[in-house]
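The primary structure of each chain is shown beneath.
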Amino acid sequence: MMCLCAFNAMAAEFTILDKTPDQLVEDGTVFLLKVKGEDKYLYGSTAQNTALDELAKASSLDNAVNGFKLEKEGDYYVFRALAPDGSNYTHGWSNMADKTCFLNSQPAIGSVTFLLGKEQDGANLSNWTIAEDGSIRNVGNNGYLAGTTTTEEATMKWEFASVKPDPKAEEQEVEILASLKPLVENGTVFTLKTGDQYLYGSKAQECALGTYEEATAASAAVTGWKLEYQALGGRYIFRAITPAGENYTHDWASGDKTCFLNTQPALTGVTFILGKDQDAKDGSSWIVAEVEGGYTIQNMANKGYLTGLGVSEEPVVWQIVLPTTTSINAVAAEKAEKKAVKALVNGQLVIVKGNDKFNVAGQLVK
């Protein structure tokens, strides 16, 4: 049966479950693992990474994983990871056919716990035993679960908690910047420049900074970008483009293997080119703002400003450079020039398009 006491921390609510592990398996109960006597919960912060933090952070709907389901395999238990919407959490690096993820440990005691496929790093490393005192032990390395790692001794005892997260603030629609709208509508390929350095993909998932010649060389993996826009939240997404003008793909990329400009969760992490939100929720979403001399590009996941190979707290100014022009204003001008308008010329109705005039039948007027 369930404990009648419900608790509140930073508005997120939790209830301690008075159920045996086998009852949790039978009921399909969704829960978070809570350290007994402490406001610490185990969850999935980003990608395959586990984290241990207070309830408000652990239950956030911005997390990769904020729930588990317990399953039984023989004498052992596995912890299936769940996304905030209640679906199975999946990741492109999972060794499962359906890419679902489970709580794993690495072979050595003292190494990290993580969320990927069953036995991702070795036999029985996603299998666990659960003792009556609340200690949880990994079958593969015999270490005790201590949140983001395993230990020789049971330094943490665990209990199961049903959690009701805080509601997520609704994102508002944001109008696209007028200066960037032509790029999105036309699917224009461009390069990104700061100072005299250009951002490109040197090989595989690696970003690089170099001269224009280096950034556009046929031997580079990614030589340009296409801009996509999502009005909800005002998100700009930089799709990676090959020297041949095609979408860049990589086997390590999640989803359909198409690649985008990403950053890692921490400000100290690197930028890289892989699948959408590969290492962090919103990791490939950017906020672009117009400033003197160009634009600032801020990541939505860690709030850092793009510097090239990483991000920082201080803004960096970028220019968007087109293949045949140094200003995206030329794109808008070209579009306006091609716009057809009606006019009266010598008493005759004509359609003017650029420098050409046509009669209503579509015939060129000289």
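These numbers come from a predicted model, not from an experiment.

Draft legend 1. Structural view of the overall build of the chain. Looking only at helices and strands, the chain features 5 helices and 29 strands. Per-residue burial over the chain gives 45% buried out of 366 residues. Accessible surface, the chain: about 18000 Å² in total, of which carbon and sulfur atoms supply 50%.

Draft legend 2. Focus on the pairing of strand E7 (residues 76-82). With 6 of its 7 residues buried, E7 lies for the most part within the structure. Sheet analysis places strand E6 (residues 67-73) next to E7, joined by 7 bridges and oriented antiparallel. Across the sheet, the residue bridging to phenylalanine 68 is alanine 81, located in E7.

Draft legend 3. Broad picture of the nonpolar core. Counting 36 residues, the largest nonpolar core has Phe31, Leu33 and Phe79 as the members making the most contacts within it. For phenylalanine 79, the residues in contact, after removing those within four places along its chain, are Phe31, Leu33, Phe68, Lys69, Leu70, Cys101, Phe102, Leu103, Trp128, Ile130, Ile136 and Phe160. Judged by nonpolar contacts, the second largest core, of 33 residues, contains Ala221, Tyr236, Ile297 and Leu322.

Draft legend 4. Up close: the pattern of salt bridges. Taken as a whole, this structure holds 10 salt bridges when the rule is applied. Among the salt bridges present, the one from glutamate 159 reaches lysine 34, with a minimum N-O distance of 3.1 Å. Here glutamate 159, found in strand E14 (residues 158-164), pairs with lysine 34, found in strand E3 (residues 32-35); they are 125 residues apart in sequence, far enough to count as distant. Relative accessible area serves as the criterion here: at 18%, glutamate 159 is assigned to the buried category.

Draft legend 5. Examining the environment of threonine 148 more closely. Note on placement: threonine 148 falls in the loop between strand E12 (144-145) and strand E13 (150-151). Threonine 148 gets classed as partly exposed once you look at its relative accessible area, which sits at 33%. For the pair formed by threonine 148 and serine 105, sequence separation is 43 residues and the distance between their alpha carbons is 9.0 Å.

Draft legend 6. Focus on the packing of aromatic side chains. Scanning the entire structure with this criterion turns up 7 aromatic pairs. Taking 6.3 Å as the distance between ring centres and 75° as the angle between the ring planes, the aromatic pair formed by phenylalanine 190 and phenylalanine 238 counts as edge-to-face. Of the two residues, phenylalanine 190 is situated in the loop between helix H3 (181-186) and strand E15 (191-194) and phenylalanine 238 in strand E19 (residues 235-241); the sequence distance between them amounts to 48 residues. This pair shows no difference in class: phenylalanine 190 is buried, exactly as phenylalanine 238 is. Pairwise contacts between aromatic rings join Phe31, Phe68, Phe79 and Phe160 into one cluster.

Draft legend 7. How the structure looks around the environment of asparagine 88. When you line up the elements, asparagine 88 lands in the loop between E7 and strand E8 (102-105). Assessed through its relative accessible area of 37%, asparagine 88 is described here as partly exposed. Separated by 19 residues in sequence, asparagine 88 and lysine 69 have C-alpha atoms that sit 9.4 Å apart. Each residue touching asparagine 88, except ones within four places of it in the same chain, is listed here: Arg80, Ala81, Leu82, Ala83 and Thr100.

Draft legend 8. Spotlight on unusual backbone geometry. Phi is positive for lysine 99, close to 65°, though the residue is something other than glycine. On the basis of relative accessible area, lysine 99 is assigned to the partly exposed category, the value being 32%. One non-glycine residue with positive phi stands out, namely asparagine 124, at about 65°. By the secondary structure assignment, asparagine 124 is in the loop between strand E9 (113-116) and strand E10 (128-130).

Draft legend 9. Representation of the side chain of serine 105 within the structure. Within the fold, serine 105 resides in strand E8. Among the polar contacts made by the side chain of serine 105, one reaches the side chain of asparagine 141 at a distance of 3.1 Å.

Draft legend 10. Local environment of the pairing of strand E22 (residues 286-291). Strand direction decides the pairing type here: E22 and strand E23 (residues 294-299), joined by 6 bridges, are antiparallel. The residue bridging alanine 289 from the neighbouring strand is threonine 296, located in E23. Hairpin connection from E22 to E23: 2 residues lie between these consecutive antiparallel strands, with glycine 293 at a positive phi of about 90°.

Draft legend 11. Focus on the confidence of the model for the chain. A residue-level look at the chain finds 85% of positions with pLDDT of 70 or above and a mean pLDDT of 88. Below a pLDDT of 50 lies the segment residues 1-10, which in the model reaches 23 contacts outside its immediate sequence neighbourhood of four places, other chains included. Confidence over residues 325-336 falls short of pLDDT 50; this stretch has 14 contacts with residues more than four positions distant or in other chains.

Draft legend 12. Examining the environment of glycine 117 more closely. Its location among the elements puts glycine 117 in the loop between E9 and E10. Relative accessible area serves as the criterion here: at 0%, glycine 117 is assigned to the buried category. Residues glycine 117 and methionine 96 lie 21 residues apart in sequence; the distance between their C-alpha atoms is 5.4 Å. Those residues within four positions of glycine 117 in sequence are excluded, and the remaining contacts are Ser94, Asn95, Met96, Thr100, Phe102 and Asn104.

Scoring rules and cut-offs
- Residues numbered from 1 in each chain as written.
- Predicted model: local features only at pLDDT ≥ 70, side-chain atom pairs only at ≥ 80, totals over all residues.
- Heavy atoms only, no water.
- Helix = DSSP H or I, 4+ residues; strand = E, 2+ residues; numbered from the N terminus.
- Buried < 20%, exposed > 50% of the residue type's maximum accessible area, 1.4 Å probe, protein only.
- Areas by Shrake-Rupley, 256 points an atom, 1.4 Å probe, with all protein chains shown as cover.
- Pairing = 2+ DSSP bridges.
- Core = buried A, V, L, I, M, F, W, Y, C linked by side-chain atoms within 4.5 Å.
- Contact = heavy atoms within 4.5 Å.
- Salt bridge = Lys/Arg side-chain N within 4 Å of Asp/Glu carboxyl O.
- Phe/Tyr/Trp six-rings, centres within 6.5 Å; stacked < 30°, edge-to-face > 60°.
- Polar contact = N/O pair within 3.5 Å; in protein donor to acceptor, adjacent residues only side chain to side chain.
- pLDDT = per-residue confidence, 0-100.

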